[in-house]
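A look at the structure
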Protein chains: 2
Amino acid sequence: MKANYLTNVPLEKAKDNYLKALKENGFAGQKETIKTKDAIGRITANAIYAAINAPHYPASAMDGIALVASKTFGASETTPAILSKKDYIVVDTGDPIPDGCDAVVMIEDVIEKNGKVYLYKPASPWQHIRQIGEDICQGEMIVPSHTRISASTIGALLAGGIVSLDVIKKPLVGIIPTGDEIVKPSANPKPGDIIEFNSSIFSGMLKEWNADTKVYPIVKDKPDKIKEAIKKALDACDIVILNAGSSAGRDDYSSKVIAELGEVLYHGISIKPGKPAILGLKESQPILGVPGYPVSGIIVIEELLKPIIDEWFRDGGKEKEFAKAVLTKPIVSGLKYEEFVRVKLGEVDGKLVASPLNRGAGVVSSFMKADGIVRVPEKTEGFNAGEEIEVELLKPREALSNTLVAIGSHDPLIDELADMLHSANPKLYLSSTHVGSMGGLMAVKRGETHIAGTHLLDENNGTYNYAFIEKYFPKGGVRLVECVGRTQGIMVQKGNPLKIKAVSDLAKEGLRYVNRQKGSGTRILFDYLCKKDGIDTASIYGYDREEFTHSSVATQIANDTADAGMGIYSASHIYDLDFIPICTEVYDLLISDSAWDSPMVKELLKILKSNEFKERLEKLGGYTLNKPGQVKLHL
Amino acid sequence: MKANYLTNVPLEKAKDNYLKALKENGFAGQKETIKTKDAIGRITANAIYAAINAPHYPASAMDGIALVASKTFGASETTPAILSKKDYIVVDTGDPIPDGCDAVVMIEDVIEKNGKVYLYKPASPWQHIRQIGEDICQGEMIVPSHTRISASTIGALLAGGIVSLDVIKKPLVGIIPTGDEIVKPSANPKPGDIIEFNSSIFSGMLKEWNADTKVYPIVKDKPDKIKEAIKKALDACDIVILNAGSSAGRDDYSSKVIAELGEVLYHGISIKPGKPAILGLKESQPILGVPGYPVSGIIVIEELLKPIIDEWFRDGGKEKEFAKAVLTKPIVSGLKYEEFVRVKLGEVDGKLVASPLNRGAGVVSSFMKADGIVRVPEKTEGFNAGEEIEVELLKPREALSNTLVAIGSHDPLIDELADMLHSANPKLYLSSTHVGSMGGLMAVKRGETHIAGTHLLDENNGTYNYAFIEKYFPKGGVRLVECVGRTQGIMVQKGNPLKIKAVSDLAKEGLRYVNRQKGSGTRILFDYLCKKDGIDTASIYGYDREEFTHSSVATQIANDTADAGMGIYSASHIYDLDFIPICTEVYDLLISDSAWDSPMVKELLKILKSNEFKERLEKLGGYTLNKPGQVKLHL
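Since the structure is predicted, the reported quantities are computational estimates derived from the model, not experimental observations. (Residues numbered from 1 in each chain as written. Chains lettered and ligands numbered in written order. Predicted model: local features only at pLDDT ≥ 70, side-chain atom pairs only at ≥ 80, totals over all residues. Heavy atoms only, no water.)

1. A look at the environment of A:Leu394
Residue and element names in this part refer to chain A. On the secondary structure map, Leu394 appears in the loop between strand E28 (388-393) and helix H8 (397-401). Look at Leu394 and you get partly exposed, because its relative accessible area is 37%. It is 7.4 Å that separates the C-alpha atoms of Leu394 and Ile373, two residues lying 21 residues apart in sequence. Those residues in contact with Leu394, other than ones at most four positions away along the chain, are Phe367, Ala370, Asp371, Gly372 and Ile373. (Helix = DSSP H or I, 4+ residues; strand = E, 2+ residues; numbered from the N terminus. Buried < 20%, exposed > 50% of the residue type's maximum accessible area, 1.4 Å probe, protein only. Contact = heavy atoms within 4.5 Å.)

2. With respect to the relation of the copies chain A and chain B
Here the second copy of the chain follows from the first by a rotation about an axis and a shift along it. Rotating chain A by 180 degrees and translating it 0.0 Å along the rotation axis places it on chain B, where the RMSD comes to 0.2 Å. The symmetry that links the two subunits is that of a two-fold axis. When the interface residues of chain A are mapped onto chain B, 100% of them again fall at the interface, so both copies present the same face. (Least-squares fit on C-alpha atoms with pLDDT ≥ 70 in both.)

3. A short note on the sheet that holds strand E7 (residues 103-106) of chain A
Residue and element names in this part refer to chain A. Read across the open sheet, the 3 strands follow the order E6-E4-E7; overall the sheet is antiparallel. Every other strand in the sheet has two partners, leaving strand E6 (89-91) and E7 as the edge strands with one partner each. Shown here is a sheet whose adjacent strand axes are inclined to one another by a mean of 35 degrees, direction ignored. Pairing geometry for strand E4 (residues 64-67) and E7, over 4 bridges, is antiparallel. Its bridge partner being in E7, Gly64 is matched across the sheet by Met106. (Pairing = 2+ DSSP bridges. Axes fitted to C-alpha atoms, helices over the stretch in contact; angles between N-to-C directions.)

4. Quick word on the side chain of A:Ser152
If you trace the backbone, A:Ser152 turns up in helix H2 (residues 151-159). When neighbours within four sequence positions are excluded, A:Ser152 is seen to be in contact with B:Ile201, B:Ile298, B:Val364, B:Phe367 and B:Met368.

5. A few points about the pattern of salt bridges
When the charged atoms of two side chains with opposite charge come close together, those side chains can pair. All names here are of chain B. For the structure shown, the criterion picks out 76 salt bridges over all chains. In this structure, Asp560 and Arg512 form a salt bridge, with 2.7 Å as the shortest nitrogen-oxygen distance. You can see Asp560 sitting in the loop between helix H13 (550-558) and strand E35 (564-568) and its partner Arg512 sitting in the loop between strand E32 (478-492) and strand E33 (515-516), a full 48 residues away along the chain. According to the relative accessible area criterion, Asp560 is partly exposed, its value standing at 44%. Note that Lys606 is salt-bridged to Glu603, the shortest N-O span being 3.9 Å. Of the two residues, Lys606 and Glu603 are both situated in helix H15 (residues 599-608); the distance of 3 residues between them amounts to about one turn of the helix. Overall, Glu603 belongs to the buried group, its relative accessible area being 14%. (Salt bridge = Lys/Arg side-chain N within 4 Å of Asp/Glu carboxyl O.)

6. Quick notes on helix H12 (residues 521-533) of chain B
Structural remark: α-helix, 3.6 residues per turn; residues separated by three or four positions point the same way. Residues and elements named next belong to chain B. Between the first and last C-alpha of H12 there are 18 Å, a value that for 13 residues agrees with the 18 Å anticipated at 1.5 Å per step. What H12 keeps buried is the set Gly521, Thr522, Arg523, Leu525, Phe526, Leu529 and Cys530. Just beyond H12, the residue with positive phi is Gly534, at close to 70 degrees. (Expected span 1.5 Å × (residues − 1).)

7. Observations concerning helix H9 (residues 412-424) of chain A
All names here are of chain A. Between its terminal C-alpha atoms H9 stretches 19 Å, which fits the 18 Å expected from 13 residues at 1.5 Å a residue. Burial analysis of H9 places 11 of its 13 residues in the buried class, which makes it a mostly covered element. For H9, every residue scored as buried is listed here: Pro412, Leu413, Ile414, Asp415, Glu416, Leu417, Ala418, Asp419, Met420, Leu421 and His422. For H9, the capping residue at the N-terminal end is Asp411, with a side-chain oxygen 2.8 Å from the backbone nitrogen of Leu413. (Polar contact = N/O pair within 3.5 Å; in protein donor to acceptor, adjacent residues only side chain to side chain.)

8. Brief notes about the state of the cysteines
Using the criterion set out here, one finds 0 disulfides over all chains in the structure. Unpaired in terms of disulfides, A:Cys583 finds its nearest cysteine sulfur in A:Cys530, a separation of 13 Å. (Disulfide = S-S within 2.5 Å.)

9. A closer look at the sheet that holds strand E18 (residues 263-267) of chain B
Residue and element names in this part refer to chain B. Within the open sheet, the 6 strands sit side by side as E16-E13-E17-E21-E20-E18. Their pairing is mixed. Across the chains shown, the open sheet's two edge strands, defined by having one partner strand only, are strand E16 (212-215) and E18. Adjacent strand axes in the sheet meet at a mean angle of 20 degrees when their direction is disregarded. Of the pairings in the sheet, the one linking E18 to strand E20 (residues 278-282) comprises 4 bridges and is antiparallel in character. Across the sheet, residue Tyr266 finds its bridge partner in E20, namely Leu279.

10. Quick look at the packing of helix H3 (residues 198-208) of chain B against helix H6 (residues 294-313) of chain B
Residue and element names in this part refer to chain B. Taken N-terminus to C-terminus, the directions of H3 and H6 make an angle of 30 degrees; their axes are 11 Å apart at the nearest point. For the element pair H3 / H6, the angle class is roughly parallel. The two elements H3 and H6 cross, and the hand of that crossing is right-handed. Here Asn198, Ile201, Phe202, Met205 and Leu206 of H3 lie close against H6, whose contacting residues are Pro294, Gly297, Ile298, Ile301, Glu302, Leu305 and Ile309. Taken together, the residues of the contact of H3 with H6 break down into 9 nonpolar, 2 polar and 1 charged. (Parallel < 35°, antiparallel > 145°, perpendicular 65-115°, else oblique. Left-handed = near helix turned anticlockwise from the far one by under 90°. Nonpolar A, V, L, I, M, F, W, Y, C, P; charged D, E, K, R; others polar.)

11. Some points on the interface of chain A and chain B
Of the residues lining the interface, 102 residues belong to chain A; the matching set on chain B comes to 102 residues. Across the chain A to chain B interface the summed buried area is about 8,400 Å²; carbon plus sulfur atoms make up 55%. Of all residues in chain A, A:Glu319, A:Met368 and A:Tyr541 give up the largest surface area on contact with chain B, accounting jointly for 7% of the area buried on that side. For the pair chain A and chain B, the interface holds 4 salt bridges. With its nearest N and O atoms 3.9 Å apart, the salt bridge here joins B:Lys427 to A:Glu319. Linking chain A to chain B there are 35 residue pairs in polar contact (both at pLDDT 80 or more). (Buried area = accessible area lost by both parts, 1.4 Å probe.)

12. Re the packing of aromatic side chains
With the rule as written, the count across this model stands at 9 aromatic pairs over all chains. With a centroid separation of 5.4 Å and 85 degrees between ring planes, the pair formed by A:Tyr569 and A:Phe579 is classed as edge-to-face. Residue A:Tyr569 is found in helix H14 (residues 569-574), and its partner A:Phe579 is found in strand E36 (residues 578-592); the two are separated by 10 residues along the sequence. With a centroid separation of 5.7 Å and an interplanar angle of 55 degrees, the aromatic rings of B:Phe27 and B:Trp312 are classed as tilted. Separated by 285 residues along the polypeptide, B:Phe27 in the loop between helix H1 (11-24) and strand E1 (31-35) and B:Trp312 in helix H6 bring together distant segments of the chain. The exposure class of B:Trp312 is buried, given its relative accessible area of 2%. Among the aromatic residues, those joined into a ring-pair cluster are A:Tyr513, A:Phe526 and A:Tyr543. It is B:Arg545 that lies over the ring of A:Trp126; its NZ or CZ is 3.6 Å from the centre. (Phe/Tyr/Trp six-rings, centres within 6.5 Å; stacked < 30°, edge-to-face > 60°. Lys NZ or Arg CZ within 6 Å of the ring centre and 35° of its normal.)

13. Quick look at the side chain of B:Arg486
Locating B:Arg486 in the fold gives a position in strand E32. Separated by 3.0 Å, the side chains of B:Arg486 and B:His455 make a polar contact.

14. A word on the pairing of strand E24 (residues 338-348) of chain B
Residue and element names in this part refer to chain B. Most of E24 is tucked away, with 10 of its 11 residues classed as buried. Relative to E24, strand E19 (residues 271-272) runs parallel, the two sharing 2 bridges. Residue pairing in the sheet places Lys272 in a bridge with Glu339 of E24. Where E24 meets strand E26 (residues 372-376), 5 bridges bridge the pair, whose relative direction is antiparallel. If you follow Glu339 over to E26, its bridge partner there is Val376. With 6 bridges joining them, E24 and strand E25 (residues 351-356) adopt antiparallel strand pairing. Across the sheet, Lys344 pairs through a bridge with Ser355, a residue of E25. In this antiparallel pair of consecutive strands, E24 and E25, the connection spans 2 residues, and Asp349 shows a positive phi of 50 degrees.

15. Re the packing of H2(A) against H3(B)
Running from N to C, H2(A) and H3(B) cross one another at 160 degrees; their axes reach a closest spacing of 8 Å. Considering the angle they form, H2(A) stands roughly antiparallel to H3(B). When the axes of H2(A) and H3(B) are compared, the crossing they make is right-handed. Where H2(A) abuts H3(B), its residues A:Ala151, A:Ser152, A:Ile154, A:Gly155 and A:Leu158 lie against B:Ser200, B:Ile201, B:Gly204 and B:Met205. Taken together, the residues of the contact of H2(A) with H3(B) break down into 5 nonpolar, 4 polar and no charged.

Now the structure itself:
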């Protein structure tokens, strides 16, 4: 086994050989002794056998009298057994059976006359007695090794006299963040500072897998510092993660340092993202080099560290859940790697639909938003739109069934609706994707979404949405539901330093515009306004610079990377920008008939009509409400 | 709302009205502020909006040069843009874009000649630049309220500048065990001592639901002591559980005391087990009276406290999982209650089969062994054997598919096989039920089990199993696999005080025999031996006293509630009894053909042939091994 610098090993092979190498060096879960009462969720290290019987004494199973059964033999309706006080003892349920007695007669069958007890039926030996060991016998195996301890297992163990037991110790995973530019998380980073949140993500994942973690201070990109940090972590921890510095570019010392301290089995796995991973070890201790981009890091931790944690506990863990889903967009992938593509999932018309998310390795929010992962195998070019593919589910299947899918035009009010829906009924969720109004209409048409936010202007008559819906839904099957009126305008920097007054000012020399993507209602509106004013869009600097939401346009202006952009008032309000109102437009929700009777849509309509919705929009600003929730058109 | 002493309210009504009363009094999850990095698995108290953009500065998406795009306009293959050092700045991926620059040209497109840079294509504004807010925009909702925080959500929050946040505080649940006879768990309880393990079971359940718990010392059955304990717990905790003393029998003060401190909404729910539950409250604090029997207590906690915890967090929680299963035995239930019956489940021939477990409310091991719960509604008499019923799953569906079902004759070696199977492959499990050899054969025949341990003596020729299998499987479909030879004999107390030498001694006056259940191979053997020796079984005291396993027979003798019983050497060995060997019998495994190719059976056969199996049996004692794992008969 020699170090392979930037190898391109398939994931399965890398994983198997890494585990094999570790096990050959003695890698295994270590034991610790803990109190049984604190053992919830822990994994047994050995099979556990009962120390005592449960019950540990013969106990009465009834309220009644305990006696010697043979004294009642022959009793009948005509010749009862007659007992005096010395022949029986009164017992309650759970009381121990007195010495010498071997039966209990329930109180209902005990007839008292003149200080004597009359029994009209014989008692059979051991009737109404809970035998010793009825529940658990001493010496019996209560629970096998490598088994997760449930609450009722704790009960059975304590009943069996086991007050402490050996469990698998939680592995301690040391996480070392490295890099010259990375800084601790803060609300005031300086330009160029890269916020170090990977260690918190990895810690969270490991805690969910029952591991303990220790995050070390950030180490600068110096080989001797990194070496020292790994050494220290190897002394204190069971497993070590070195984060960043695992690509083969400049400032890459990780692989070299790990090789000096132990050995590097592989450097480079044929997965995307995650390729530059380093699989290293020192004797039985894994040292994992994890790439710096959060999405790459998450995939490497999930695919290469999780199996190591599973091997440590050996309890079978939780199986991954898979489902079939229909792709909304093609996925194009290279032949050289196994690629992991995060998708949003929705259950629409009884089938799962998967929409690929931004594949940038730096985009951590895409992992948060992902409901599933699609794997594109090596030597495959990808999948076509409409193809049925297998998806690993990151959320429970039933949560997906309870999720209202909103694909269409962006407005911050959609997020507020998501919050109100889940607050009103915690079983329900709203998941949104911003593709613009036209994209939303097409998604409804293709059965990929339940609802779509839309504000499409008909240039001919100044109305919104009607014409487009009539055109694209000739067979009907949809309802157009009133939502809000909202003020569109030009967002400019605070104080309006460039003195912009109208759309015609946007072609000025030196002005930096930022646009919305093609197909968005705002882009269509802007193009209409330019045409009306006779402005050549080629003369607008930044016309081709596209952002996908009102907020991202506003933030470019707030951060002085642009001077102006079209958008709604509420977005400019969040960033404290100046705003030149242009028009009030209609923002409706298009709802598929097949989703109309779902609990999610029913709750949504209630919310649209609620006072809280009104109050939240007042806070956002720039909205007018007429009759939200009203059906304007049913085709 | 008045106290109803021993009401019989349906569960749903009790639950709804209890939650309603609590909410009207202001019951809700409380907030606390914690660090984002520690927030894994916690529930957001509010919607969280990003404090900063991610990225928070425009960053280069490539290694290359940053420049002003307009300086390259018009560049072509024939007329390149020629830049001097002051026109560009070298940048690496992730570096901030220098002030004034608005594009990056990747290093591959940069041609250097004589200290100048030649570009043969124009750069468009903002090319190869990660825009501010590309991942997360300031002011954008990152996560709605009442949402579980995942590892990637932690990453998104930190990227969005949120270093601390409000989450729902874990509710603190105070648990007060009461009762005169109950004692702390120990390995040496005295007769009559009831081991107090309920508080540990309830704590375990609550911890799995993310609540914190505080267990108070055991309180004697005195109203003033109980009142004092509840008061103290109400001061310190959010929710209070009073355990035991909630039936209407003698020593029942719970309901009275709760009514004095607050109010009792219901005392008595129409569920079985669990009927005597008390639903009490003091203002917004729930006080739950939970019955003392562990199984009753678990049902009450699950059905009545879990919804309260869910209401506290309001995150939607985890849905219960249900499946259809075929009943192996009838379930008879009273009309008056909704009954909860625990079942073992197995996946045999592609269908789930459910075998009801011991319904005793004191039998805590049945909850540990349960794979599912069947609900028999009020006003229903139960279900028939063979009926398809709905079962709530207590284990993941895939674990059930990976479980080898063993129903048949008991031998401690079955537990050892279970341990070895799971240790060899942690994804596999073995689940066993002891119904005797004949019961096992019938279970194989009805498709309810994969394998059955069997040792059925053919009185005609002294062989084992062959004749029975040929008789009961005329159509074949099974294999008989050799397991072990084992020594059967009479287990007697240490030192053999009654000088028992043979079966004929067991009818002696004053001797207490303990028998095995009808249909068990040992019972059949014993009856055969009695017949051979001409003993009238009616003359054996205790002949009708039936135990279901070798261990439970042995433990009766070890605890001096019986003098003798038939059983195998290994059981007598565990309890250090004297043993009079009678014969060596054949204990085989009958395996259904439909299970033969399953990973569980394949692993089982490997184990039967292993050295470890041999070593484990040597430790147990009384076994002889010839060719375990060999197919003796394939019909």
